[in-house]
Amino acid sequence: MKVYWTQNAIEHLVNIYEYIALNSPTYAKRMADKITRRSEQIADHPFSGRKVPEYDAEDIRELIEKPYRIIYRIKQDQIDVVAVIHGARLLPDEI
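Residues numbered from 1 in each chain as written. Predicted model: local features only at pLDDT ≥ 70, side-chain atom pairs only at ≥ 80, totals over all residues. Heavy atoms only, no water.

Participant: I would appreciate a short explanation of the side chain of Ser39 in the present structure.
Facilitator: Looking at where Ser39 falls in the secondary structure, it is placed in helix H2 (residues 25-44). Here Thr36 takes part through its backbone oxygen, which lies 2.7 Å from a polar atom of the side chain of Ser39. Excluding residues within four positions of it along the chain, Ser39 makes contact with Val3, Trp5, Leu63, Ile70 and Val81. (Helix = DSSP H or I, 4+ residues; strand = E, 2+ residues; numbered from the N terminus. Polar contact = N/O pair within 3.5 Å; in protein donor to acceptor, adjacent residues only side chain to side chain. Contact = heavy atoms within 4.5 Å.)

Structure (structure tokens):
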């Protein structure tokens, strides 16, 4: 299945990069690369991530790339990465 990044998730990734880059551009690039590479696994194994406890829906899953949560929605013909959230942050009521 094809994995698409929503504009929201892209903005999250850019914000993560920019925040980390304030102290270490090298580490910021490394973390952004780790997050994007980690998201590639869901193309072949969409149900490999766990259900997001806050939503309790089969189609909303997450992968952990510490300290971040990669939240994605499984659709019939594609997968949408909808958010990348620091593990210490609360998720919005709906995605």
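Participant: Would you mind showing me how to read the packing of aromatic side chains here?
Facilitator: The relation between two aromatic rings is expressed through the spacing of the ring centres and the mutual angle of the planes. Inspection of the entire model under this criterion finds zero aromatic pairs. Over the ring of Tyr4 we find Lys2; its NZ or CZ atom is 5.9 Å from the centre of that ring. (Phe/Tyr/Trp six-rings, centres within 6.5 Å; stacked < 30°, edge-to-face > 60°. Lys NZ or Arg CZ within 6 Å of the ring centre and 35° of its normal.)

Participant: How should the nonpolar core be read in this particular structure?
Facilitator: Among soluble globular proteins, nonpolar side chains are generally buried collectively. In this structure, Ile16, Ile35, Ile42, Tyr68, Tyr72 and Val81 are the most contacted members of the largest nonpolar core, which totals 19 residues. Not counting residues up to four positions away in its chain, the partners in contact with Ile42 are Val3, Ser48, Leu63, Tyr72, Ile79 and Val81. Grouped together as the second largest cluster of nonpolar side chains are nine residues, Tyr55, Ala57, Ile71 and Ala83 included. (Core = buried A, V, L, I, M, F, W, Y, C linked by side-chain atoms within 4.5 Å. Buried < 20%, exposed > 50% of the residue type's maximum accessible area, 1.4 Å probe, protein only.)

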